[in-house]
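# Summary of structural features
As a plain string of letters, each chain reads:
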Amino acid sequence: MKYFIHTYGCQMNVHDSEKIAGILESLGYESCKNAAEADAVVFNTCCIRATAEQKIYGHIGELKKIKRQNPNMIVAVCGCMSQQDGVAEKIKDSYPFVDIVLGTSNLTMLKDAVINARSKKKSFNVDFVSYKEEDFVESRTSFPNAWVNINYGCNNFCTYCIVPYVRGRERSRSLADIISEINSLLKDGYKEITLLGQNVNSYGHDLQNGENFAQLLHEIGKLEGKFRLRFMTSHPKDLSEEVIEAVSAYPNICNNIHLPVQSGSTEILRRMNRRYTREDYLKLIEKIRAKLPDVGITTDIMVGFPGESEQDFSDTLDLVRQAKFSSAFCFVYSRRKGTPAYSMPNQIPSDVKRSRITQLLACQNEVTKEISREMLGKRFEILVEGANDHYKNTMCGRTESGRLVNFVGDENSIGEFVTVEIEKAKSATLWGRIVTEEK
Ligand code: SAH
Ligand code: SF4
Ligand code: F3S
């Protein structure tokens with residue numbers, strides 16, 4: 001029996017899919033490459049923007065034909081989209097061939113739901129249950145990197161964002177559980193650990209025992225052996241001096257911070273409920289760069305938030321030039337039902353949004369090019385992550401600061417640290433050559 005998981009959305013979902021894979025494997029399924037060969041298909045969905053959702057409904061619809069040929073195939077829809085109000089009913093009514101709908105927090109029910117589906121019993125349940133990480137045996141797919149959840153959910157309620165409604169309130173795992181998971185991953189040979197949370201900086205706020213993110217970093221930094229630690233996402237309002245200090249104190253913690261700014265206009269930030277100003281953000285960047293001179297700072301930016309004027313947008317472009325992000329994920333604002341921004345006046349017409357995103361991408365591209373040029377001829381330690389499928393004998397991996405580098409190498413080196421010298425640096429893509437190899 002074979003399974004196929006289609007994962008949409010962020011790293012949180014990528015890691016949830018590893019939990020889903022673990023459940024299916026415990027039931028005797030093996031992974032396969034596409035839905036047509038599968039006996040069980042799981043859609044792990046995202047609803048952050050309307051475009052994501054439309055794509056997913058399209059893909060679910062495409063399964064109708066396949067299921068007609070293979071009526072025993074089990075179809076499940078999980079994740080953030082199914083957790084939204086009314087979506088489980090909509091799927092039940094419009095896609096009668098779907099057997100299972102589960103939400104973001106009741107994944108532990110997937111096992112029984114699949115067993116029931118085998119005898120044609122359907123399960124539709126999006127109740128919130130608080131699960132423990134220890135309820136899962138993940139089937140990990142991203143060696144040499146391993147994802148580790150540290151907190152779930154979000155309490156910030158940025159006015160554009162659906163996440164707090166579909167992932168629930170913030171819940172932190174205990175520090176001891178996190179350390180024990182990381183220890184066992186390091187023992188299994190993983191070389192890079194990425195801590196996951198919607199807002200890692202607020203880790204521990206709900207624990208009431210004083211455990212916080214800086215303390216967690218200290219505990220991980222002290223672990224023995226050569227490995228890399230990354231974390232995402234940092235909310236600018238909660239990134240403390242102690243956290244910056246912890247990153248600077250331990251060589252294992254990468255000088256790489258994902259710090260979504262969203263907008264360069266204080267007025268837009270206020271209406272987004274981000275709780276920092278343009279000046280706060282730029283000051284924070286200065287503070288980080290003073291302590292971590294080689295840091296790579298990446299960000300998320302949105303254009304076309306309701307009421308965004310030409311001046312607001314040009315403030316964003318200006319901030320992008322000042323902040324010198326090594327890369328930026330740029331998005332067009334998408335109206336999400338149930339969020340406050342949905343009903344704000346002055347929604348921006350789509351042609352204006354399109355023009356702004358094009359300008360923003362061009363602006364960031366110039367910044368990235370400049371940073372790339374500065375890297376030419378320099379040497380960097382890279383963790384070899386995998387093969388570059390577009391070129392023969394070509395491997396890729398990241399610098400500590402998070403930049404992806406391609407170089408000639410072989411697959412035996414996956415999971416090893418190598419030093420490369422950058423030879424070509426056109427824009428986002430860097431090319432290098434191995435100069436020494438450390439096992
Ligand atoms: N927790 C993270 C982000 C999660 S969503 C944080 O606070 O930064 C990832 C990104 O999607 C956000 O940073 C934002 O830039 C974008 N995003 C969220 N809601 C959106 C919406 N309604 N329309 C367009 N982009 C959105
Ligand atoms: Fe969404 Fe804001 Fe929470 Fe990030 S911090 S998940 S953008 S509400
Ligand atoms: Fe992630 Fe999308 Fe959910 S971005 S948290 S999978 S809505």
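My aim in this report is to walk through the structure given alongside it, one point at a time. Not measured: the values here are computed from a predicted model. (Residues numbered from 1 in each chain as written. Chains lettered and ligands numbered in written order. Predicted model: local features only at pLDDT ≥ 70, side-chain atom pairs only at ≥ 80, totals over all residues. Heavy atoms only, no water.)

### Some points on the site of ligand 3
Worth spelling out the cut-off: Any residue with at least one heavy atom within 4 Å of a molecule or strand is counted as near it. By the convention adopted, Pro, Cys, Tyr, Trp, Phe, Met, Ile, Leu, Val and Ala count as nonpolar, Lys, Arg, Asp and Glu as charged, and the other residues, Gly among them, as polar.
With respect to spatial proximity, the complete set of residues near ligand 3 consists of Cys10, Asn13, Cys46, Cys47, Ile48, Cys80, Arg167 and Gln198. Across the shell around ligand 3, the residue classes break down as five nonpolar, two polar and one charged.

### A few points about the sheet that holds strand β3 (residues 40-45)
As a reminder, the rule being used: Here, a strand pair is defined by DSSP locating no fewer than two bridges between the strands. Secondary structure is summarised from DSSP: a helix means a run of H or I of at least four residues, a strand means a run of E of at least two, and numbering begins at the N terminus for each. Contacts are assigned to residue pairs with any non-hydrogen atoms lying within 4.5 Å of each other. Helix axes use the C-alpha atoms of the stretch in contact, all axes being lines fitted to C-alpha atoms, and the angles between their N-to-C directions lie in the range 0 to 180 degrees.
In space, the six strands of this open sheet follow the order β2-β1-β3-β4-β5-β6, with parallel pairing throughout. Sheet topology places β2 (30-31) and β6 (123-125) at the edges, where each strand pairs with a single neighbour. The pairing of strand β4 (residues 74-79) with strand β5 (residues 100-102) spans two bridges and is classified as parallel. Among the inter-strand pairings, Val77 is bridged to a residue of β5, identified as Val101. Together, β1 (2-7), β3 and β4 form the strand contacts of helix α2 (residues 50-69), whose direction differs from that of β3 by roughly 170°.

### Some points on the nonpolar core
Threshold: Take the buried residues of types Ala, Val, Leu, Ile, Met, Phe, Trp, Tyr and Cys, join any two whose side-chain atoms come within 4.5 Å, and each joined set is a nonpolar core. Relative accessibility under 20% of the residue-type maximum defines a buried residue, over 50% an exposed one, and the middle range a partly exposed one, all with a 1.4 Å probe and only protein chains included.
Counting 70 residues, the largest nonpolar core has Ile193, Leu195, Phe213, Leu216, Leu217 and Ile288 as the members making the most contacts within it. The biggest single contributor to this core is helix α7 (residues 175-187), with six residues. Counting 29 residues, the second largest nonpolar core, distinct from the first, contains Cys46, Cys80, Val87 and Val101.

### Focus on the sheet that holds strand β7 (residues 145-149)
Read from one edge to the other, the open sheet built from three strands follows the order β7-β10-β11, with strand pairing classed as parallel. The two strands at the open ends of the sheet, each matched to only one other strand, are β7 and β11 (228-232). Across the sheet, the mean angle separating the axes of adjacent strands is 25° when strand polarity is ignored. As defined by bridge partners, β7 adjoins strand β10 (residues 192-196) across five bridges and the pair is classed as parallel. Looking at β10, one finds that Trp147 is bridged to Thr194. Helix α1 (residues 11-26) rests against β7, β10 and β11 of the sheet, and its axis sits at about 95° to β7.

### Concerning the site of ligand 2
All residues adjacent to ligand 2 are Cys154, Asn156, Phe157, Cys158, Tyr160, Cys161, Val163, Pro164, Gln198, His235 and Arg274. Considered class by class, the residues forming the shell around ligand 2 number seven nonpolar, three polar and one charged.

### Here's the deal with the pattern of salt bridges
Formally: A pair is scored as a salt bridge if a Lys or Arg side-chain nitrogen falls within 4 Å of a carboxyl oxygen belonging to Asp or Glu.
A complete count under the given rule lists 27 salt bridges for this structure. Between Arg278 and Asp318 there is a salt bridge, with its nearest N and O atoms 2.5 Å apart. Of this pair, Arg278 sits in helix α11 (residues 278-291) while Asp318 sits in helix α12 (residues 310-323), and the two are 40 residues apart along the sequence. Of the charged contacts, one joins Glu310 and Arg356 as a salt bridge, the two residues approaching to 3.0 Å between their closest N and O atoms. Placement of Glu310 in helix α12 and of Arg356 in helix α13 (residues 350-375) is noted, with a sequence separation of 46 residues between them. The class for Glu310 is exposed, based on a relative accessible area of 53%. Connected through shared salt-bridge partners, Glu18, Glu134, Glu138, Arg140, Arg173 and Glu181 make up one network.

Note that all results are geometric; they support no functional claim without further evidence.
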